[in-house]
Amino acid sequence: MKKKICFFSFLLPFLSMMAIFIGNGIYPFGDQSFMHSDMYHQYVPFLEEFVRKVRDSEPLYYSWRIGMGSNYLSLYGYYSASPFNWLMLLLPEKYLIEFMSYMVVFKIGLCGFTFSWLLTEKFHTNDLSVLFFSTFYAMSGFVAAYNWNVMWMDTLVLAPLIVLGLEKLVFEKKYSLYCITLGLCILSNYYLSIMVCIFLCLYFLVLVPNLFGSDGWKAFRARLLGAIGRFALFSLLAGGLASVLLIPEIAALHATEFSEFNFPEKINWYFSFFDVIARHATGVSRETGLDHWPNIFCSSAVFFLIPLYIVNRKIPLKEKLGRLVLCTFFIVSFSVNTLNFIWHGFNYPDSLPARQSFLYILLVLLTVGLGAALVMAYLSTGISPERNWVFAFFGLGAPFLFLGNLVMFLVWVIRWRWWALVPGLTLLAGIGHLGTLVQADIRKDYRKEEDAGAIAARRKDPSRLAVLTYNVHGFTYGQTRHEGYLRTVDSVAAYIRRLQPDVICFQEYETMQPSDVRRIDSLYRDWPYRAYNFVYGG
């Protein structure tokens, strides 16, 4: 099942991109070309030069066919080092443009595949919801804006595997996946790998609290030191695997303006925190110019799933807090010039802003994936999944959906837009059902219901009905001796008689010995009407 989920996670974004190509008449489905901006006058010529050098057995360190002579090894390290480019050697040179165009489609499909692999391995699930999240990643705002930067796409493909490898390195002491994928990432494109390495240092800090267990601080300290040692060792080893290109690249960069270090003297904010949050909304335009807007769209479902993640009690607070703090740090990084400077390798990007956005998208989708896991857990209650799980899914999310519609209604009313009719009518249609979804009364102390005065008042009121449900756990509660069992029966009986409910529901109602039936019958001698429903093994 896992292989099928990962395969379809590749196929869904792949076919979506193919549909886009067909719809836009990209060759051979029309006479249009996918070449865009630098892709046409830089990436294709550099790849063409690479193919010629390999076929003609020429050295890679210099080329006379680029300008009036150029250091080709540095160009190769940034633009053409993707291992996928070697596949071009199998095709005639006249198909180079088509190869580069459809390689983008193929890599977008691979993004879906690797992200689904991360989810299935991390959450141990083969649920179909993996398809949605993998597609959110593969078709994100970052991909929409920068897919034509083909040398960056390898990093997006490898990033989920690197994150999975880091978790296995920290918690399972397995190093091969992390070391190989990080080394391949640095080899494919050293520039975006700078951002990946910064992210890995931060994500490692997020993982550290999860090393703490019930065996105390001494064991935690030992695990922490071991994790730090493995992280440092195999990160350096990954860089060493890529050093065949990394060292010549560093030497070449020292001869350019990129080596100059001019840290910003003042801290400036480009836009507010909520302006960045709004970039998750549907319909936001992509940014590839000189403005600093990040392309972080990865489905507006994050507005619904992040709150679910926050309220999920099954996720430890230490894990939840770390991820949320890291997400917040990313958002601040998009807005503050100094952090933006650091993320981009201590240089400001020349257009194409917030190039670390894909890491934020990965983190957000990983986070909301945990929120979605809560929803899937809730499906086990209420309506049986064998009948229909859709109603349970939306029913549990109804309070958040109601709140989200209310917020959007207020936003559109403030902006005096007719779009307010959409959430407004939605709220109006469901207002009658709100009381069945939310019945919290934070001012009421339910313990007072057990007071003698409250019980007497309830018994005198014919309009009130008291229902008690009690899981008696076989009347054992850890008792192994028969005497302790009988004491438990007596204490349960005394409690029920004191509350005097009108209806009693028992679960796990069973006896230790047949002779105890009469004693248990004393529990409900004041309640003459009985109904039995026995379920075994349920």
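Q: Where do I start with the pattern of salt bridges in this structure?
A: Any two side chains of opposite charge can pair, so long as their charged atoms come close to each other. By the definition in use, this model includes 10 salt bridges. Of the charged contacts, one joins Glu-121 and Lys-168 as a salt bridge, the two residues approaching to 3.5 Å between their closest N and O atoms. Of this pair, Glu-121 sits in helix H4 (residues 96-123) while Lys-168 sits in helix H7 (residues 150-171); the two residues are 47 residues apart in sequence, bridging distant segments of the chain. Assessed through its relative accessible area of 24%, Glu-121 is described here as partly exposed.

Q: Looking at this structure, how should I read helix H5 (residues 129-138)?
A: One turn of an α-helix holds 3.6 residues; hence residues three or four places apart share an orientation. Most of H5 is tucked away, with 8 of its 10 residues classed as buried. Turning to H5, its buried residues are Ser-129, Val-130, Leu-131, Phe-133, Ser-134, Thr-135, Tyr-137 and Ala-138.

Q: Is there a simple way to think about unusual backbone geometry in this case?
A: If a residue is not glycine, its phi is most likely negative; likewise, a peptide bond is most likely trans. The peptide bond linking Tyr-27 to Pro-28 adopts the cis configuration, its omega dihedral lying at 15°. Along the chain, Pro-28 falls in the loop between helix H1 (2-23) and helix H2 (38-55). Even without glycine at this site, Ser-57 takes up a positive phi of about 60°. On the secondary structure map, Ser-57 appears in the loop between H2 and helix H3 (72-80). Non-glycine residue Lys-173 carries a positive phi angle of around 60°.

Q: What exactly am I supposed to notice about empty space enclosed by the protein here?
A: The method is simple in principle: a probe with the dimensions of a water molecule rolls over the atoms, and the space it marks as empty is what remains. Under the defined criterion, the tally for this structure stands at 2 cavities of 30 Å³ or more. Here the largest cavity defines a volume of roughly 90 Å³. The set of elements that each furnish at least two residues to the lining of the largest cavity consists of H2, H3, H4 and H7. Looking at the lining of the largest cavity element by element, the count peaks at 4 residues for H4. Of the residues contributing to the lining of the largest cavity, the split by class is 8 nonpolar, 3 polar and 1 charged. Roughly 40 Å³ of internal volume is contained in the second largest cavity. Considering the residues around the second largest cavity, the lining is formed by Gly-77, Ile-186, Leu-187, Tyr-190, Ala-242, Leu-245 and Leu-246. Only helix H8 (176-188) and helix H11 (243-253) provide two or more residues apiece to the lining of the second largest cavity.

Q: Even after reading the chapter, I still don't get the state of the cysteines, so can you show me in this structure?
A: Working definition of a disulfide: a covalent bond connecting the sulfur atoms of two cysteines. Under the counting rule described, the total for this entry stands at 0 disulfides. Considering cysteine sulfurs only, Cys-197 is the nearest to Cys-185, which forms no disulfide, with 7.3 Å between them.

Q: Is there a simple way to think about the side chain of Thr-120 in this case?
A: Tracing the chain through its elements places Thr-120 in helix H4. Taking relative accessible area as the criterion, Thr-120 reaches 5% and is therefore assigned buried. Looking at Thr-120, its side chain comes within polar contact range of the main-chain oxygen of Trp-117, at 3.1 Å. If sequence neighbours within four positions are ignored, Thr-120 has contacts with Lys-2, Ile-5, Cys-6, Thr-125, Asn-126 and Val-130.

Q: Mind showing me how you'd approach the pairing of strand E1 (residues 467-471) here?
A: Of the two faces of E1, only the one carrying Leu-468 and Tyr-470 is buried; Val-467, Thr-469 and Asn-471 on the other face are not. One ladder, built from 5 bridges, connects E1 with strand E2 (residues 503-507); its direction is parallel. Bridging from a neighbouring strand, Leu-468 pairs with Ile-504 of E2.

Q: Explain the packing of aromatic side chains here, please?
A: Any pair of aromatic rings gets described here by the distance separating the centres and the angle formed by the planes. Throughout the structure, instances matching the rule amount to 29 aromatic pairs. Measuring from ring centre to ring centre gives 5.4 Å for Phe-7 and Phe-8, while their planes differ by 70°; the resulting arrangement is edge-to-face. Ring plane angle 55° and centroid distance 4.9 Å describe the contact between Phe-46 and Tyr-79, whose orientation is recorded as tilted. Here Phe-46, found in helix H2, pairs with Tyr-79, found in helix H3; they are 33 residues apart in sequence, far enough to count as distant. The exposure class assigned to Phe-46 is buried, which follows from its relative accessible area of 11%.

Criteria and cut-off values
- Residues numbered from 1 in each chain as written.
- Predicted model: local features only at pLDDT ≥ 70, side-chain atom pairs only at ≥ 80, totals over all residues.
- Heavy atoms only, no water.
- Salt bridge = Lys/Arg side-chain N within 4 Å of Asp/Glu carboxyl O.
- Helix = DSSP H or I, 4+ residues; strand = E, 2+ residues; numbered from the N terminus.
- Buried < 20%, exposed > 50% of the residue type's maximum accessible area, 1.4 Å probe, protein only.
- 1 Å grid on protein atoms, 1.4 Å probe; cavity = no way out; pocket = protein on both sides within 12 Å on 5 of 7 lines; lining within 4 Å.
- Points joined across faces, edges and corners; volume = space filled by probe spheres on them.
- Nonpolar A, V, L, I, M, F, W, Y, C, P; charged D, E, K, R; others polar.
- Disulfide = S-S within 2.5 Å.
- Polar contact = N/O pair within 3.5 Å; in protein donor to acceptor, adjacent residues only side chain to side chain.
- Contact = heavy atoms within 4.5 Å.
- Pairing = 2+ DSSP bridges.
- Phe/Tyr/Trp six-rings, centres within 6.5 Å; stacked < 30°, edge-to-face > 60°.

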